[in-house]
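# Observations on the model geometry
Residues per chain are reported as follows:
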Amino acid sequence: MTLGTDKKLLSFVANSKDGYCIINANDTVEYCNEQFADAMFIPVKDAIGMPFEGMIRRAFELKKGINIDSGCIDDFIAYTRGVRRSRPFRLFEVDFTDGRWFLFSEQTNQADEILIQIKDITKQKILALDLAKSVDKLTKLSLTDELTRIGNRRALIDSVDMELSRCRRTGASMSLLILDLDFFKKVNDTYGHLAGDAALVHVTRIIQQSLRQYDILGRIGGEEFAVFLSNTTIEKSLEIAERIRRSIECSTLNYEGHDIALSVSIGQATLGCNTLFNDLYDQADQALYKAKTSGRNQVASY
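We now turn to the structure provided with this report. In this text, all values refer to a predicted model and were calculated from it rather than measured experimentally.

### A few points about the sheet that holds strand E8 (residues 224-230)
An order of E7-E8-E6-E11-E12 is seen for the five strands of this open sheet, with the pairing classed as mixed. Of all the strands in the sheet, the pair left with one neighbour each is strand E7 (216-221) and strand E12 (299-301). The average undirected angle you get between the axes of adjacent strands in this sheet is 20°. Here seven bridges tie strand E6 (residues 174-181) to E8, and the two strands are oriented antiparallel to one another. Opposite Met174, over in E8, you have Ser230 as the bridge partner. Lying over the sheet, helix H9 (residues 193-210) contacts E6, E7 and E8, oriented at roughly 10° with respect to E8.

Written out as structure tokens, the structure is:
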């Protein structure tokens, strides 16, 4: 490379929007441009000749530049010392105390000198974070019943499948309750569909109050709900089912001046640790049919 080319390269680096820094084999800053120095909140003249770890310690003390979460600066410096020069090329993102994000690249040569380039990626990072939040929100919406704000059928099945995998490792039995609101069509026909919606929300809250923290509740369609009870015996699941049934029967819904009496029929099934969701569901569904054909407002076991 000619002398003229060297000058052109330095001119490009000096006027670049990116920050550049060269660290020698002794970990001392040999060169940096204004952009790198500004990002580190230090004048170029003070940066040149400074140990790189001194620059990190200065940022920690001033609480400017690199955002150092660690409460102990010595631990953080020890970490950076361990990863620096660990590979010929490293690429990583760093957040700064002022909210900016930079993409760092470190390239090490055979003389153990390091060329650091930093690029401001704040806009891209914000877009990526916003996109991730949007995807997360859409995922939650797709798994949430819009009316009752509990999991829908898909969410219930996904959650139960994960819980079944865990239960298989423990060898525990598990139960499923399927609940169906009795004479729901009559509520809609008599008081209107908004009253029917209010009844579904009302019943949802009662069920939630009757469950344990780790039980799984979902609305699986229309006026039908399901509750998965992990590590639960037949006796305990029947006790929970009866508590739900009794609570709903005793809690009248007041809607626009009308007292609406509600009740549910519940089908219960309990199986061992190697069961599948469909097996549990089929048995609980058969038990629900028995409860409804036997007069409703009762709990039936498979």
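### What about helix H11 (residues 277-293)?
The terminal C-alpha atoms of H11 lie 24 Å apart, and with 17 residues this matches the ideal 24 Å at 1.5 Å per residue to within 8%. Where H11 is concerned, the buried positions are Phe277, Leu280, Tyr281, Gln283, Ala284, Ala287, Leu288, Ala291 and Lys292. Looking at the packing, one finds that the buried side of H11 touches helix H7 (153-170), E6, E7, E8, strand E11 (264-271) and E12. Just beyond H11, the residue with positive phi is Gly295, at close to 125°.

### Section: the state of the cysteines
For the structure shown, the criterion picks out zero disulfides. Of all cysteine sulfurs, the one in Cys32 lies closest to Cys21, which takes part in no disulfide; the gap is 5.5 Å. Classification of Cys21 as buried rests on a relative accessible area of 0%.

Criteria and thresholds
- Residues numbered from 1 in each chain as written.
- Predicted model: local features only at pLDDT ≥ 70, side-chain atom pairs only at ≥ 80, totals over all residues.
- Heavy atoms only, no water.
- Pairing = 2+ DSSP bridges.
- Helix = DSSP H or I, 4+ residues; strand = E, 2+ residues; numbered from the N terminus.
- Axes fitted to C-alpha atoms, helices over the stretch in contact; angles between N-to-C directions.
- Contact = heavy atoms within 4.5 Å.
- Expected span 1.5 Å × (residues − 1).
- Buried < 20%, exposed > 50% of the residue type's maximum accessible area, 1.4 Å probe, protein only.
- Disulfide = S-S within 2.5 Å.

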